[in-house]
Amino acid sequence: VQLQASGGGLVQAGGSLRLSCAASGRTFSSVVMGWFRQAPGIEREFVAAISWKGGRTSHAESVKGRFTISRDNANGTVILQMNSLKPEDTAVYYCAAGPSYFSASVQNPRLYDFWGQGTQVTVSS
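Figured I'd write up the structure that's included with this text. (Residues numbered from 1 in each chain as written. Predicted model: local features only at pLDDT ≥ 70, side-chain atom pairs only at ≥ 80, totals over all residues. Heavy atoms only, no water.)

Here's the deal with the pattern of salt bridges
Inspection of every chain in the model, using the stated rule, returns four salt bridges. Among the salt bridges present, the one from Lys64 reaches Glu61, with a minimum N-O distance of 2.8 Å. With relative accessibility at 47%, the residue Lys64 sits in the partly exposed group. Judged by its relative accessible area of 63%, Glu61 is exposed. Of the charged contacts in the structure, one is a salt bridge between Asp89 and Arg66, with a shortest N-O distance of 2.7 Å. (Salt bridge = Lys/Arg side-chain N within 4 Å of Asp/Glu carboxyl O. Buried < 20%, exposed > 50% of the residue type's maximum accessible area, 1.4 Å probe, protein only.)

So, in structure tokens, the structure goes:
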């Protein structure tokens, strides 16, 4: 699976951004997809994940109610809609392709085998 993330940028606090991850490869539609983020000096952290059919999702507590993950297997894309952005959301955001089944462990980045190059999100106060 090859992944290409896009949609990052600079936005004021309270604004919105829509991140997109374009995936290629025959196994894309059969794996869990996730979004992670990493700020300078901080370990990569889980943001959201979605099952291969899209019926199950998981969002980090810090983004619940503000971010929404979705996927379109027909078009090979995974979307992270980010609303009510805060300065603490500033980070490089990565999409990743991971396990073949959805569980509480989807928050563990070690379960993801393929990673995109990352897209910078900067939220100004």
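Some remarks on the state of the cysteines
With the rule as written, the count across this model stands at one disulfide. Note that Cys21 is cross-linked by a disulfide to Cys95, the S-S spacing being 2.2 Å. Residues Cys21 and Cys95 are joined by a disulfide whose S-S torsion is about 60 degrees; by sign, that bridge is right-handed. Remark: Cys95 occurs in strand β9 (residues 91–97) and Cys21 occurs in strand β3 (residues 17–24); sequence separation between them is 74 residues. Cys95 carries the same exposure label as Cys21, and that label is buried. (Disulfide = S-S within 2.5 Å. Helix = DSSP H or I, 4+ residues; strand = E, 2+ residues; numbered from the N terminus.)

Some details on the sheet that holds β3
Read from one edge of the open sheet, four strands run β1-β3-β8-β7, paired in antiparallel fashion. The open sheet has two free edges, formed respectively by β1 (2–6) and β7 (67–72), since each of these has just one partner strand. Across the sheet, the axes of successive neighbouring strands diverge by a mean angle of 15 degrees, strand direction being ignored. Where β3 and strand β8 (residues 77–82) come together, six bridges link them in antiparallel fashion. Residue pairing in the sheet places Leu17 in a bridge with Met82 of β8. (Pairing = 2+ DSSP bridges. Axes fitted to C-alpha atoms, helices over the stretch in contact; angles between N-to-C directions.)

So, the nonpolar core
Counting residues in each nonpolar core, the largest one holds 37 residues, and the members touching the most others are Met33, Trp35, Val47, Phe67, Leu80, Met82 and Tyr93. Sorting the residues of this core by element identifies β1, β3, β4 (33–38), β5 (45–50), β7, β8, β9 and β11 (119–124) as the ones contributing at least two each. (Core = buried A, V, L, I, M, F, W, Y, C linked by side-chain atoms within 4.5 Å.)

Concerning the side chain of Arg37
Within the element layout of this structure, Arg37 appears in strand β4. For Arg37, a relative accessible area of 6% translates into the label buried. Within the local environment of Arg37, its side chain forms a polar contact with the side chain of Glu45, the two groups lying 2.6 Å apart. Looking at Arg37, its side chain comes within polar contact range of the side chain of Asp89, at 2.9 Å. With near-sequence residues (within four places) excluded, Arg37 lies in contact with Glu43, Arg44, Glu45, Val47, Ser62, Val63, Phe67, Glu88, Asp89, Ala91, Val92 and Tyr93. (Polar contact = N/O pair within 3.5 Å; in protein donor to acceptor, adjacent residues only side chain to side chain. Contact = heavy atoms within 4.5 Å.)

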